[in-house]
Amino acid sequence: MSSLGLVGSCLLGLSLIWLYPCPSGVVWSDNFDDGDYDGWSVTSGMFLAETNTLKAVSEGSIERYQSISEGSNVVVHPSTVTTGTWSFDVYVTGDGGGEILFMMVPGRTYMIDITSDNIYLWRRGIDEEGRRVGGVMLHFPYIVRDPFSGWQHIDITREGNGRIRVYHGGKWATGAYDTLLTTSQSFVYIAPSSGMALDNIVVSNTIDVFLSPVGRIDRSQWRFWAAIMIAAITVAAIRIDWINRTNSLDAQNKDDNID
Ligand SMILES: [Ca+2]
Ligand SMILES: [Ca+2]
């Protein structure tokens with residue numbers, strides 16, 4: 001085998017190794033497909049997982065968003081991840097999709113607030129009774145042209161430098177830099193009214209979703225397209241190698257005929 005052919009074969013092998021999915025650093029996840037929400041603590045209202053989603057069933061409070069400990073359906077999962085990826089599906093009703101406090105310590109949280117046509121990214125304070133005490137909207141809200149309802153896919157990434165990115169349905173929605181919170185104890189879902197739900201939660205300590213000119217690319221897609229490109233280069237290299245060898249054989253045959 002010529003050197004070009006050898007390089008081509010190596011590249012093909014490398015691309016296959018690369019394509020093999022590298023495990024993302026999943027720290028915890030839940031899809032409720034076993035019909036329960038073991039590991040979660042309901043601190044207010046009521047949830048059911050019988051439909052294989054984490055569904056809020058209490059009517060909730062008119063005083064929407066007054067407190068994270070009372071009035072709404074509130075459920076908490078331990079979560080210490082501060083840099084990485086939070087991916088989940090959220091069910092949006094006419095009242096919106098609720099709030100997801102993806103990083104929380106007593107007194108402070110990073111959260112998104114999903115209405116039926118906006119997604120807000122906040123850093124908020126929470127007092128000892130669980131009431132909100134002010135907050136800073138970290139970026140202009142993401143406003144969609146057509147209000148949305150039903151299941152919506154959300155990805156949030158936070159890098160070590162404090163860069164937060166929020167993606168909705170695979171498209172970049174909003175983002176900010178903030179470094180005030182450096183630790184987390186909990187992931188909290190607040191559903192102010194019944195019918196809202198959460199599902200397919202995957203929390204990892206690696207950045208699994210990347211911003212690209214075409215929007216969100218997840219780790220596996222990025223690897224897939226890189227592997228395709230390497231495979232294409234490999235095929236081109238082998239083809240050039242074959243043409244070169246054919247040409248040199250032709251030249252040799254010509255020389256032989258002349259002799
Ligand atoms: Ca499910
Ligand atoms: Ca379960």
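Before reading on, note that the structure itself is shown above.
Source: prediction; values computed, not measured. (Residues numbered from 1 in each chain as written. Chains lettered and ligands numbered in written order. Predicted model: local features only at pLDDT ≥ 70, side-chain atom pairs only at ≥ 80, totals over all residues.)

Q: Can you help me understand the overall build of the protein chain in this one?
A: Scanning the protein chain from N- to C-terminus turns up 2 helices and 18 strands. For the protein chain, the residues scored as buried account for 32% of the 259 residues in total. When contacts within the protein chain are restricted to residue pairs at least 6 apart in sequence, long-range pairs at least 24 apart make up 67% of them. (Helix = DSSP H or I, 4+ residues; strand = E, 2+ residues; numbered from the N terminus. Buried ≥ 20, exposed ≤ 12 C-beta atoms within 10 Å, placed from the backbone. Contact = placed C-beta atoms within 7 Å.)

Q: How should the environment of Phe148 be read in this particular structure?
A: Here Phe148 shows up in the loop between strand 11 (142–143) and strand 12 (150–158). Exposure remark for Phe148: the 19 C-beta atoms within 10 Å place this residue in the partly exposed category. Separated by 57 residues in sequence, Phe148 and Tyr91 place their C-alpha atoms 10.0 Å apart. If sequence neighbours within four positions are ignored, Phe148 has contacts with Val92, Ser116 and Asp117.

Q: Sorry, what's going on with the nonpolar core here?
A: A general feature of soluble globular proteins is that nonpolar side chains tend to end up buried together. Grouped together as the largest cluster of nonpolar side chains are 46 residues, with contacts concentrated most on Leu54, Val90, Phe102, Ile112, Val166, Val188 and Tyr189. Apart from residues lying up to four places away in sequence, Val90 is in contact with Gly97, Ile100, Ile114, Gln152, Ile154 and Leu198. (Core = buried A, V, L, I, M, F, W, Y, C linked by C-beta atoms within 7 Å.)

Q: Is there a simple way to explain the pairing of strand 8 (residues 108–114) in this structure?
A: Across the 7 residues of strand 8, 6 count as buried, placing the element largely inside the fold. Counting the residues in the hairpin turn of strand 7 (residues 98–105) and strand 8 gives 2 residues, including Gly107, whose phi is positive at 100°. Bridge analysis of strand 8 against strand 9 (residues 118–126) gives 7 bridges, and the strand direction is antiparallel. Within strand 9, the residue paired with Met111 across the bridge is Trp122. Counting the residues between successive antiparallel strands, the hairpin from strand 8 to strand 9 contains 3 residues. (Pairing = 2+ DSSP bridges.)

Q: It is not clear to me how unusual backbone geometry should be interpreted in this structure. Could you clarify?
A: With glycine set apart, most residues show a phi of negative sign, and most peptide bonds adopt trans. The backbone of Asn52 sits at a positive phi, close to 65°, despite the residue not being glycine. Turning to its location among the elements, Asn52 is positioned in the loop between strand 3 (47–48) and strand 4 (54–56).

Q: Would you explain the environment of Val76 in this entry?
A: Positionally, Val76 belongs in strand 5 (residues 73–78). Assessed through the 20 C-beta atoms surrounding it within 10 Å, Val76 is described here as buried. Here the alpha-carbon distance between Val76 and Ser41, two residues 35 residues apart in the chain, equals 5.1 Å. If near-sequence neighbours (up to four positions away) are discounted, Val76 is found in contact with Trp40, Ser41, Thr43, Ser186 and Val188.

Q: For this particular structure, what's the right way to read the pairing of strand 15 (residues 186–191)?
A: Across a regular strand the side chains alternate sides, sitting on one face of the sheet and then on the other. The buried fraction of strand 15 is high, at 5 of 6 residues. Here 4 bridges tie strand 7 to strand 15, and the two strands are oriented antiparallel to one another. Residue pairing in the sheet places Leu101 in a bridge with Val188 of strand 15.

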